[in-house]
There are 2 protein chains.
Amino acid sequence: MQKESAKDCIDHFIKRAKNLGLKITPQRCAVFRIVSQSKDHPTADQVFHDVNQEFPNISYDTVNRTLLTFTEIGLIEVVQTQGGPRRFDPVTDQHHHFQCLSCGKIIDFYNDNYDDLKIPDDMQKKFTVYNKRVVLSGRCWECRKQKKKSDFIKNSKAKN
Amino acid sequence: MQKESAKDCIDHFIKRAKNLGLKITPQRCAVFRIVSQSKDHPTADQVFHDVNQEFPNISYDTVNRTLLTFTEIGLIEVVQTQGGPRRFDPVTDQHHHFQCLSCGKIIDFYNDNYDDLKIPDDMQKKFTVYNKRVVLSGRCWECRKQKKKSDFIKNSKAKN
DNA sequence: CTTTTTGCAAAGCGTTTGCATTGAA
DNA sequence: TTCAATGCAAACGCTTTGCAAAAAG
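Just so it is clear, the model here is predicted, and its values are computed rather than measured.

## Observations regarding the overall build of chain A
So, point 1. The number of helices and strands found in chain A is eight helices and five strands.
So, point 2. Put simply, chain A runs from its N terminus to its C terminus through helices and strands in the order α-α-α-α-β-β-β-β-α-α-β-α-α.
So, point 3. Classification of the 160 residues of chain A by burial places 41% in the buried group.
So, point 4. Contacts spanning at least 24 positions in sequence make up 47% of the contacts within chain A whose residues lie at least 6 apart.

Right, here's the structure in full:
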């Protein structure tokens, strides 16, 4: 569902919401459109900011609660992060994450080998597995250019 | 380093801390011991509670700041979660995570195939990759027994 | 018309910061 | 003796809650 048009996305949302008995409000449509178009794991606040452009009266709470509702019905996902504000992700095709341990940034990447990973039988038995993802972590190129704090500690000692 | 004794763990901590010019305080030793023995991804508050048993005067801030310091020097890790309080994980051997999308619980599991995953060349070039992990997500057996909220919504409509 | 949803405000919870005091090296 | 680490307290940011008004079905 990556190349779908905005129209198709909205239709998808409306269909799913109606199935579940959720009401179709303009606010929800706007929130869904913004978050499903976003490519960078926005926080509720960022979504609010964008939606606010065309809905000056919408409240932050509505945006936040709408995002949580969408998450519960599986329309979007909450990205796993290391603390900090919650980040949302439109449910799209299979992809994987690289997370920078210094700045916390999460970068999507695609890899066919990873997509082919099998889910172990014992896990399938114990749990209901909906999704799999490989998470690589380390340092992004921007943070690699900067000194690590641990280096700083070491150097400050070495200098004395 | 999974079967190391408590003594070995402390030695490991002391060696690493000295290398970096960090001071060895009783508080830091206690925090390190508690978190390295824990098996369930404790929050700062949980670590504080445990350490507090033997250090009635230690402050929450010291525990929290110590955990962050340990994270920066790579002694422990921050677990990726979906919002909620930050959770810490002793750096041990290669393992993977299953996360329940309903209750947020994170369960470690081991899988040799996953351990053997190669890190793609283009990722290695772009970033410095320290760690890899497969994250499965879905519903744990406890939550599977309960109704999903989306089911609830559907049913409450069906009943009317 | 009924019930959900919205907007607002306040409360809650976890994290971070500043600073004087303490303690490791 | 020096500088990092600690403890305390206040500030901060994000999330959650309660409720009256508004809107969808």
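## Brief notes about the confidence of the model for chain A
So, point 1. Predicted confidence across chain A gives a mean pLDDT of 83, with 84% of residues reaching 70 or more.
So, point 2. Counting interchain partners and residues more than four positions distant, the pLDDT-below-50 stretch residues 147–160 of chain A has 14 contacts.

## Concerning the sheet that holds strand β5 (residues 128–139) of chain A
So, point 1. The mixed open sheet is built from six strands, whose spatial order is β4(A)-β3(A)-β5(A)-β5(B)-β3(B)-β4(B). With partners counted over all chains shown, the strands left at the sheet margins are β4 (106–109) of chain A together with β4 (106–109) of chain B, one partner each. With strand direction ignored, the average angle separating the axes of adjacent strands in the sheet is 30°.
So, point 2. Note: strand β3 (residues 96–100) of chain A against β4(A), four bridges, orientation antiparallel.

## Section: the protein's contact with DNA strand C
So, point 1. Around DNA strand C lies a shell of 20 residues, among which A:Thr25, A:Arg28, A:Thr62, A:Arg65 and B:Tyr60 are the nearest.
So, point 2. Protein-proximal atoms of DNA strand C, defined as those within 4 Å of the protein, fall in sugar or phosphate at a share of 62%.
So, point 3. One of the backbone N or O atoms of A:Asn57 is found 3.4 Å from a phosphate oxygen in DNA strand C.
So, point 4. In the environment of DNA strand C, a base oxygen lies 3.0 Å from a nitrogen or oxygen atom belonging to the side chain of B:Asp61.
So, point 5. Residue assignment for the surface near DNA strand C shows that the elements contributing at least two residues are α2 (26–37) and α4 (60–72) of chain A together with α4 (60–72) of chain B.
So, point 6. Ranked by the residues each element gives to the surface near DNA strand C, the list is headed by α4(B), at four residues.
So, point 7. Along the lines of polarity and charge, the residues of the surface near DNA strand C split into seven nonpolar, six polar and seven charged.

## Quick word on the packing of aromatic side chains
So, point 1. One pass over the structure, following the stated rule, counts twelve aromatic pairs over all chains.
So, point 2. Relative to B:Phe127, the ring of A:Phe98 has its centre 4.1 Å away and its plane inclined at 10°; by these criteria the two rings are stacked. Of this pair, A:Phe98 sits in strand β3 while B:Phe127 sits in the loop between α6 (121–126) and β5 (128–139), which puts the two residues in different chains. Per residue, the accessibility class of A:Phe98 equals that of B:Phe127, and both read buried.

## A few points about the interface of chain A and chain B
So, point 1. Across the contact, 49 residues belong to chain A and 50 residues belong to chain B.
So, point 2. Summing both sides of the interface, chain A and chain B together bury roughly 4,400 Å²; the carbon and sulfur share of this comes to 57%.
So, point 3. Three residues, A:Gln80, A:Phe127 and A:Tyr130, lead the burial of chain A against chain B; their summed loss comes to 14% of the area buried on that side.
So, point 4. Taken together, the links from chain A to chain B amount to zero salt bridges.
So, point 5. Among the secondary structure elements, those contributing two or more residues to the side of chain A that touches chain B are α1 (6–20), β1 (76–79), β3, β4, α6 (121–126), β5, α7 (141–145) and α8 (149–159) of chain A.
So, point 6. Residue classes in the side of chain A that touches chain B are distributed as 23 nonpolar, twelve polar and 14 charged.
So, point 7. Pairing analysis gives eleven bridges linking β5(A) to β5(B), with the strands arranged antiparallel. Its bridge partner lying in β5(B), A:Lys132 is registered against B:Leu136.

## Some details on the environment of B:Thr128
So, point 1. Among the secondary structure elements, B:Thr128 is positioned in strand β5.
So, point 2. Owing to a relative accessible area of 23%, B:Thr128 belongs among the partly exposed residues under this scheme.
So, point 3. If near-sequence neighbours (up to four positions away) are discounted, B:Thr128 is found in contact with A:Phe98, A:Ser137, A:Gly138, A:Arg139 and A:Arg144.

## Structural notes on the pattern of salt bridges
Residue and element names in this part refer to chain B.
So, point 1. Counted according to the given criterion, the structure contains four salt bridges over all chains.
So, point 2. For Arg33, the salt bridge identified is with Glu54, shortest N-O distance 3.2 Å. With Arg33 in helix α2 (residues 26–37) and Glu54 in helix α3 (residues 44–54), this pair connects stretches of sequence that are 21 residues apart.

## Some details on the domain arrangement of chain A
Residue and element names in this part refer to chain A.
So, point 1. Segmentation of chain A into domains returns domain 1 (1–92) and domain 2 (94–160).
So, point 2. The interface is formed by nine residues belonging to domain 1 together with ten residues belonging to domain 2.
So, point 3. Run the count over domain 1 and domain 2 and you get one salt bridge.
So, point 4. In this structure, Arg133 and Glu77 form a salt bridge, with 3.8 Å as the shortest nitrogen-oxygen distance.
So, point 5. Applying the counting rule to domain 1 against domain 2 returns three residue pairs in polar contact (both at pLDDT 80 or more).
So, point 6. Split into classes, the residues belonging to the side of domain 1 that touches domain 2 amount to one nonpolar, six polar and two charged.

What counts, and where the lines are drawn
- Residues numbered from 1 in each chain as written.
- Chains lettered and ligands numbered in written order.
- Predicted model: local features only at pLDDT ≥ 70, side-chain atom pairs only at ≥ 80, totals over all residues.
- Heavy atoms only, no water.
- Helix = DSSP H or I, 4+ residues; strand = E, 2+ residues; numbered from the N terminus.
- Buried < 20%, exposed > 50% of the residue type's maximum accessible area, 1.4 Å probe, protein only.
- Contact = heavy atoms within 4.5 Å.
- pLDDT = per-residue confidence, 0-100.
- Pairing = 2+ DSSP bridges.
- Axes fitted to C-alpha atoms, helices over the stretch in contact; angles between N-to-C directions.
- Near = heavy atom within 4 Å.
- Polar contact = N/O pair within 3.5 Å; in protein donor to acceptor, adjacent residues only side chain to side chain.
- Nonpolar A, V, L, I, M, F, W, Y, C, P; charged D, E, K, R; others polar.
- Phe/Tyr/Trp six-rings, centres within 6.5 Å; stacked < 30°, edge-to-face > 60°.
- Buried area = accessible area lost by both parts, 1.4 Å probe.
- Salt bridge = Lys/Arg side-chain N within 4 Å of Asp/Glu carboxyl O.
- Domains from an automatic or database assignment.

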